[in-house]
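# What the coordinates show
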Amino acid sequence: MLLNLAWKNIWRNKKRSLIIITAITLGLWSGLFSVAVMIGSWDTTVNSTIDRNLSHIQIHTKEFKDESLTSHYIPDGNKLADEISNLKEVKDVTARVLIEGMASSPNSSRGVNIIGVDPSREKNVTTIADYITQGEYFNGIKRNPILVGEKLADKLGLKLRSKLVLSFQSIDTTLTYAAFRIVGIYKTESSMFDGSNVFVRKSDLYKTMNSDPIVNEIAIRLNSSEDLDSTLTILKENYSSLVVETWKDLAPELEMMYEFLIIEMQIFLAIIMAALLFGITNTMLMSVLDRVREFGVLIAVGMKRVRVFFLIMIETILLSLFGGIIGMVLGTFTIWYFSDKGIDLSLFSEGLSAWGMPTILYPILPLYFYGVLTIMIVVTGILAAIYPSIKTIKLRPADAIRTYG
Amino acid sequence: MKTYLQLAWRNLWRNKRRTLIASASIFFAVIFALLMRSMQEGSYDYMVDASVSMYTGYIQVHAKEYWDKRSIDKSMELSLTRIDKIDSVKHVTLVTPRLESFSLISYGNVTKVASIVGIHPELENKMTDLKNKLISGKYLTEKARGVMIAEGLATLLKIEIGDSVVLYGQGYHGVTAAAQVEVEGIVKFTLPALNKTMVYLSLDYSQWLYAAPNRVTTLSIMIDEAKKINEVHAAVSNLFDEKYEVMMWSELMPELVQSIEVDNAGGIIMLGILYVVIGFGIFGTVMMMTAERTREFGILISIGMKKWRLSYVSFLESLFLSFIGVLAGIIVSIPILYYLKQNPIPLTGEMADVMLKFGLDPIIPFRFAANIFVDQFLTVLVIAMISALYPLSYIRKLNPVKAMKK
């Protein structure tokens, strides 16, 4: 009965109710959408980091994790890589040689990570081949070809087919120099990555270092990211002497970004709710003051004050929920539409790229956010209702009846 | 004119409750907008300040092209009179010279690439608080012939105080720069990028090692007020001819500027959403207030009050109302924001640990500056004024006969 009455009361002053409902709707709609965009951008960043070089799972020796020395290679690494690539969850595996060294041009020198790969396998695991902007992916130069990032090429003043000298500590700890020629220049979303990583054929490194075919890192790409945990468990069991890590362990800053984001988004939604709260309170207060006489009559003819109190409460909550639900439905629909189509952010692309963020992003919203939001709306409704409701039950019917609003 | 103002003012206080409700909605709007903006800009200030005093400084002077090439060949003659001149520029607190380069560093059979920096130990300490980061050994002296090495790098190389490391790199004009030096101190940085790469020498010794006597690559300048940067940059630029480059932190760390811009764009969108919500709240209140007075307006018009006069008075009323709300909001926010600026909100738990790991203080900083207040004051006022247009059109369309029957 009260519910029915409350609903009808809301629509007695359509204009007033519609304004506050529109405010709630717009607030939630845009709030939800921007939260989804922020989380979506994080998600896209993660995916591009996985695609670019991390892959889903990596294996190193424990010593290599501590000291990053090439001499800490994985025993029988290539055989191990073949074994892993036979697992059914695994799409492909790339076994890499990693060396920290210096890249020098006639102009300048820079510290770089030298990544020795098998070009055909690497292509199946990461997307570095797709990022080539000049030249070709290990094609066109026979002797010691090298892929460098655009940023590094800029800093060293190098062009396609320029020569560059890598100096590094060989596996037998002697200092080694080798000249490489730029076969391709790549540009990923992350300028930081481009400035510090070079790719060479690992066979060239073996020749230069005079070493056996050693492997420091095995990067594994899965068919589906849903198999991550199960595959991790299998690998950890099989290779307990090695360090098996997922991208989450490898790039902890991504997790930190996510935690930050969630806190920031919740603060943001809370501020919007607080602003709405005052809007709702004002509206209800006006509405109550308008109806002083009516409440006076209701109480005078015997309606319990508690019921009047709850009437106002229910009116306020209904009003908030009504706007909230429309807002959520619209928000969900917008998110769903853009999650398929993507939002083009190429306007800001320079800034985004510094953070390794891609320029097209797909908004997503974790399901639990809807739950959090619904609770937030109800709480906002209740808080907003308290003051107007108290005003009503404090009315003295004899005076109230004589009030002409 | 005075009559209108008086009338509007009195009207406002005829129904105190209504006026208070309406200005309260504006009041809270101002507070929320201010809090949000202050938090955002505060975090940028903090990021800039932290990055600047971590290493780069607000302004750097190099020989032309050094920044692009990072080659010791693009170093410059160190002139004390020049440094004195920079020092005497207003707002400059500190000038410190550096000779920076990359070299290989080896110990035993481990070799790493390190960023080798020749520093003036005392000045460097004043700028980056380096002495406090010392965890063992002793701090470099001006003529020291040893190295001070970052803790992460020391661990990788497995070295301790007293061990001798080999530095191997390229000196001035292609000279091979190699030497065996003793580790005198170990410093710990929170930022992994620094902690795994930094090696410090005394400026004196590094000039000898790199065969670059009396040369430096960088003059790093600190100033006392971040917002005076343009002024100082102009003054310092005047001291140098075109053979030098004078760069601000925004040029030295374009990634930082861009990431702030991206975040700021997001922040402004959110602020926009907040304004929409606020705008509807204010508009709703104004609308209801007008509707309540239909009868009064009807009577006034029918006894001969001109509609434009009535509109004028009610516009003045809305204006007063907005002013009261905005001013009250700002007056209340000033101490709140000032307090938050002095006592940033501390973060706790896991979040705090993660932030510490990345070299950030676990706090939510705020900015307390006039521009925030002015911006929010104007924006909210504009929103309130737009809402104030409603009564104008309402009165214009009012039919006095119908209105009186309400």
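Residues numbered from 1 in each chain as written. Chains lettered and ligands numbered in written order. Predicted model: local features only at pLDDT ≥ 70, side-chain atom pairs only at ≥ 80, totals over all residues.

Moving on, we get to the overall build of chain A. Helices and strands together make up the secondary structure of chain A, namely 16 helices and 12 strands. A compact globule built from 405 residues would reach a C-alpha radius of gyration of about 22 Å, whereas chain A, at 32 Å, exceeds it by more than 25%. Counting only C-alpha atoms and orienting by the principal axes, one finds that chain A spans roughly 105 × 45 × 30 Å. Here chain A holds 405 residues, and 48% of them are scored as buried. Sequence-distant contacts in chain A: of pairs separated by 6 or more residues, those separated by 24 or more amount to 81%. (Helix = DSSP H or I, 4+ residues; strand = E, 2+ residues; numbered from the N terminus. Rg over C-alpha atoms; globule rule 2.2 N^0.38 Å. Buried ≥ 20, exposed ≤ 12 C-beta atoms within 10 Å, placed from the backbone. Contact = placed C-beta atoms within 7 Å.)

Listed by partner, the interface residues are 42 residues for chain B and 47 residues for chain A. Listing elements by their share of the side of chain B that touches chain A, those giving two or more residues are helix H2 (16-56), strand E3 (92-107), strand E4 (110-119), helix H11 (254-292) and helix H14 (349-357) of chain B. When grouped by side-chain class, the residues that make up the side of chain B that touches chain A number 26 nonpolar, 11 polar and 5 charged. (Nonpolar A, V, L, I, M, F, W, Y, C, P; charged D, E, K, R; others polar.)

This part covers the domain arrangement of chain A. It is common to report an interface's size as the accessible area lost on association of the parts. By the assigned domains, chain A splits into domain 1 (2-50 + 254-401) and domain 2 (62-241). Using C-alpha coordinates to define each centre, domain 1 of chain A is positioned 50 Å away from domain 2 of chain A. (Domains from an automatic or database assignment.)

The next subject is the confidence of the model for chain B. Summary statistics for chain B give a mean pLDDT of 87 and a share of 99% for residues scoring 70 or more. Interface confidence for the predicted complex, given as ipTM, is 0.72, next to a pTM of 0.75. (pLDDT = per-residue confidence, 0-100.)

Formed by 117 residues in total, the largest nonpolar core has its most connected members in A:Ile146, A:Val198, A:Ile218 and B:Ile221. With 8 residues, strand E2 (residues 90-104) of chain A is the largest single contributor of residues to this core. Other than its neighbours up to four places away in sequence, A:Ile146 contacts A:Leu164, A:Phe180, A:Arg181, A:Ile182, A:Val183, A:Val198, A:Phe199 and A:Val200. The next biggest cluster of nonpolar side chains, apart from the first, holds 83 residues, and it includes A:Leu26, A:Ile312, B:Phe28 and B:Ala388. (Core = buried A, V, L, I, M, F, W, Y, C linked by C-beta atoms within 7 Å.)

Below, the discussion takes up the domain arrangement of chain B. All names here are of chain B. Segmenting chain B into domains produces domain 1 (2-52 + 257-404) and domain 2 (65-241). In this structure, domain 1 and domain 2 have C-alpha centres spaced 50 Å apart. Listed by partner, the interface residues are 6 residues for domain 1 and 4 residues for domain 2. Among the elements that make up the side of domain 1 that touches domain 2, the one with the highest residue count is H2 (3 residues). Classifying every residue of the side of domain 1 that touches domain 2 gives 3 nonpolar, 1 polar and 2 charged.

All names here are of chain B. Where strand E5 (residues 134-137) meets strand E8 (residues 176-187), 3 bridges bridge the pair, whose relative direction is antiparallel. By the bridge assignment, Gly-137 is partnered in E8 with Gly-185. Taken together, the 7 bridges between strand E7 (residues 164-170) and E8 define a ladder with antiparallel strand orientation. Each residue of the ladder has a partner; that of Val-166, found in E8, is Gln-180. The turn joining E7 and E8, which pair antiparallel and follow one another in sequence, is formed by 5 residues; a positive phi near 55° is taken by His-173. (Pairing = 2+ DSSP bridges.)

Another point: the packing of helix H2 (residues 14-54) of chain A against helix H11 (residues 252-290) of chain A. Residue and element names in this part refer to chain A. Where H2 contacts H11, the axes come no closer than 10 Å and their chain directions differ by 180°. The angle between H2 and H11 falls in the class roughly antiparallel. Judged by residue contacts, Arg-16, Ile-20, Ala-23, Ile-24, Gly-27, Gly-31, Val-35, Met-38, Ile-39, Trp-42, Val-46 and Thr-49 of H2 engage Leu-254, Met-257, Tyr-258, Leu-261, Met-265, Leu-269, Ile-272, Leu-276, Gly-279, Ile-280, Thr-283 and Ser-287 from H11. Looking at the contact of H2 with H11 residue by residue, the class counts come to 17 nonpolar, 6 polar and 1 charged. (Axes fitted to C-alpha atoms, helices over the stretch in contact; angles between N-to-C directions. Parallel < 35°, antiparallel > 145°, perpendicular 65-115°, else oblique.)

With that settled, consider helix H13 (residues 305-341) of chain A. With 37 residues, H13(A) should reach 54 Å at 1.5 Å per residue; the first-to-last C-alpha distance of 54 Å fits that figure. One or two positions beyond H13(A), positive phi appears at A:Gly342, with a value near 85°. (Expected span 1.5 Å × (residues − 1).)

As a further point, take the pairing of strand E3 (residues 109-117) of chain A. Residues and elements named next belong to chain A. For E2 and E3, the ladder comprises 8 bridges, and the chain directions are antiparallel. From the neighbouring strand, Leu-98 faces E3, where its bridge partner is Ile-115. Between E2 and E3, which pair antiparallel and follow one another directly, the connecting turn spans 4 residues. Two strands pair when backbone bridges link them, and E3 and strand E8 (residues 197-201) are joined in this way by 5 bridges, in the parallel orientation. Its bridge partner lying in E8, Asn-113 is registered against Asn-197.

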